[in-house]
Amino acid sequence: MSGQPLNRQLTERNARLVRSTRTATGYSLYALAGTAPPKPGLIRDGGRGLIELEIWEMDLPAFGSFVAEIPSPLGIGTVTLEDGGTVKSFLCEAHAVAGAEDITVFGGWRGWLAR
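Residues numbered from 1 in each chain as written. Predicted model: local features only at pLDDT ≥ 70, side-chain atom pairs only at ≥ 80, totals over all residues. Heavy atoms only, no water.

S.K.: Teacher, can you tell me more about the overall build of the chain here?
M.R.: Across its full length, the chain carries three helices and seven strands. Secondary structure of the chain in N-to-C order comes out as α-β-β-β-β-α-β-β-β-α. Taken over C-alpha atoms, the radius of gyration comes to 13 Å for the chain, in line with the 13 Å a tight globule of 115 residues would show. A principal-axis box enclosing the C-alpha atoms of the chain has dimensions of 35 × 35 × 25 Å. For the chain, the residues scored as buried account for 39% of the 115 residues in total. Sequence separation of 24 or more characterises 63% of the internal contacts of the chain that already satisfy a separation of 6 or more. (Helix = DSSP H or I, 4+ residues; strand = E, 2+ residues; numbered from the N terminus. Rg over C-alpha atoms; globule rule 2.2 N^0.38 Å. Buried < 20%, exposed > 50% of the residue type's maximum accessible area, 1.4 Å probe, protein only. Contact = heavy atoms within 4.5 Å.)

Set out below in structure tokens:
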């Protein structure tokens, strides 16, 4: 996300912020334990949250090199947006949220950081 510690991984690849939006309902967001820097984990679990996210655009070779740097338990999958569209986005392996703090109520990572 813009202004966050790992945002440089996008800007160094000349990625362009397209817009901010939210997921459709059906997702939950967690503060993952033991990650440095701290990271959120988004899972599709039937939750009721609308989770803030950013849509970034980059060329295919840049996307490939970006994905290659994503550490487990994060990955890329298809996320449905509140307007019904879909995008490729970070998702989290379900096992990683065991014992993690559910931060869905904050509406997104920024909301949780500002708590």
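S.K.: Explain the pattern of salt bridges to me, please; I cannot follow it from the model alone.
M.R.: Side chains carrying opposite charge are able to pair once their charged atoms draw close together. If you walk through the whole model with that rule in mind, you get six salt bridges. Where E54 meets R110, a salt bridge forms, and the shortest distance between an N and an O atom there is 2.8 Å. Taken together, the residues E54 in strand β4 (residues 52–57) and R110 in helix α3 (residues 109–113) connect sequence positions 56 residues apart. Put simply, E52, E54 and R110 are held in one network by salt bridges that share partners. (Salt bridge = Lys/Arg side-chain N within 4 Å of Asp/Glu carboxyl O.)

S.K.: When you look at a nonpolar patch on the surface in this model, what are you seeing that I'm missing?
M.R.: A cluster of nonpolar residues, V67, I76 and F90, forms a patch on the protein surface that exposes about 210 Å² of accessible area. Mapping V67 onto the fold places it in helix α2 (residues 60–68). (Patch = residues over 30% accessible without salt bridge, like charges linked within 9 Å, V, L, I, M, F, W, Y side chains within 5 Å. Areas by Shrake-Rupley, 256 points an atom, 1.4 Å probe, with all protein chains shown as cover.)

S.K.: Mind showing me how you'd approach the nonpolar core here?
M.R.: Across soluble globular proteins, nonpolar side chains show a tendency to be buried alongside one another. In this structure, L42 and I103 are the most contacted members of the largest nonpolar core, which totals 13 residues. Mapped by element, the contributors of at least two residues to this core are β2 (26–31), β4 and α3. When residues of this core are assigned to their parent elements, the largest contribution, three residues, is made by β2. If we skip the residues at most four places from it in the chain, L42 touches T23, Y27, S28, L29, I51, V79, F90, L91 and C92. (Core = buried A, V, L, I, M, F, W, Y, C linked by side-chain atoms within 4.5 Å.)

S.K.: I keep staring at unusual backbone geometry and nothing clicks. Help me out?
M.R.: Most peptide bonds take the trans form, and the phi angle of most residues other than glycine is negative. Cis geometry marks the peptide bond from A36 to P37, where omega comes out at -10°. By the secondary structure assignment, P37 is in the loop between β2 and β3 (40–47). Omega for the bond connecting S72 with P73 falls within 30 degrees of zero, at 15°, which places this linkage in the cis form. Positive phi values are uncommon outside glycine, yet N14 reaches one of about 60°.

Structural measurements only, silent on function.
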